[in-house]
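# A structural walkthrough
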Amino acid sequence: MTIDVKTAKPGLLKKGKGFLWTLAAFLGVAAVCGWVALGIGLWMDVERTPRLILAIVAAVATEALFWTVATALGVSVLEARKRIWRRITGRGAEPAPTAAE
């Protein structure tokens, strides 16, 4: 008894990556617009609630852009963030050798 296994189309992966890069471009525009809108809102000295909404929209668009680009590049995002935090904070790093050693 044999099992017939169908493989995915060869161009399917490239189409998926193309979609991710298109989505990243759209999210990049949204993030830039969000930060520009926040800057204009701060310049116009808007009230607290609209300013908070502008900041949340800009932050969410930027975070979505970050995750989309990381997915498109195939980066292990959680590991990369751990390494970045270790470099910034110095936590989890091996202690430097002393002069006596």
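That block above? That's the structure.
The following refers to the structure shown. Computed from a prediction, not measured in an experiment: that's the story for all the values here. Each chain carries its own residue numbering, running from 1 in the written order of its sequence. Reporting of local features is limited, given that this is a predicted model, to residues whose pLDDT is at least 70; pairs of side-chain atoms are given and counted only at 80 or more, and all residues count toward the totals for whole chains, interfaces and linings. As a rule here, side-chain values cover all heavy atoms of the structure and leave hydrogens and water aside.

Another point: the overall build of the protein chain. Elements are defined by DSSP. Helices are runs of H or I of four residues or more, strands are runs of E of two residues or more, and each kind is numbered from the N terminus. Of the regular secondary structure elements, the protein chain holds three helices and zero strands. Starting at the N terminus, the α and β elements of the protein chain follow one another as α-α-α. Only protein chains enter the accessibility calculation, which uses a 1.4 Å probe; a residue whose area is less than 20% of its type maximum is buried, one above 50% is exposed, and one in between is partly exposed. Here the protein chain holds 101 residues, and the buried ones make up 15% of them. For the protein chain, long-range pairs separated by at least 24 residues make up 59% of all intrachain contacts whose partners lie at least 6 apart in sequence. Surface exposure here means Shrake-Rupley accessible area, sampled with a 1.4 Å probe, where a residue is shielded only by the protein chains that are shown. Accessible area of the protein chain: about 8,700 Å², with a carbon and sulfur share of 68%. Here a residue-residue contact requires only that any non-hydrogen atoms of the pair lie within 4.5 Å.

Aromatic pairs are defined between Phe, Tyr and Trp rings, using the six-membered ring for Trp, whenever the two ring centres lie within 6.5 Å; interplanar angles under 30 degrees are classed as stacked, those over 60 as edge-to-face, and all others as tilted. What the rule picks out here adds up to one aromatic pair. Aromatic side chains phenylalanine 66 and tryptophan 67 sit 6.1 Å apart centroid to centroid with 85° between the ring planes, which places their arrangement in the edge-to-face category. We classify phenylalanine 66 as partly exposed; its relative accessible area is 37%. Residue tryptophan 67 is classed as partly exposed on the basis of its relative accessible area of 34%.

Glancing now at the environment of leucine 27. Along the chain, leucine 27 falls in helix α1 (residues 12-43). On the accessibility criterion, leucine 27 (13% relative accessible area) is buried. Each C-alpha atom, one on leucine 27 and one on phenylalanine 66, is 9.1 Å from the other, the two residues being 39 residues apart in sequence. In contact with leucine 27, other than residues within four places in its own chain, are Ala61, Ala64, Leu65 and Thr68.

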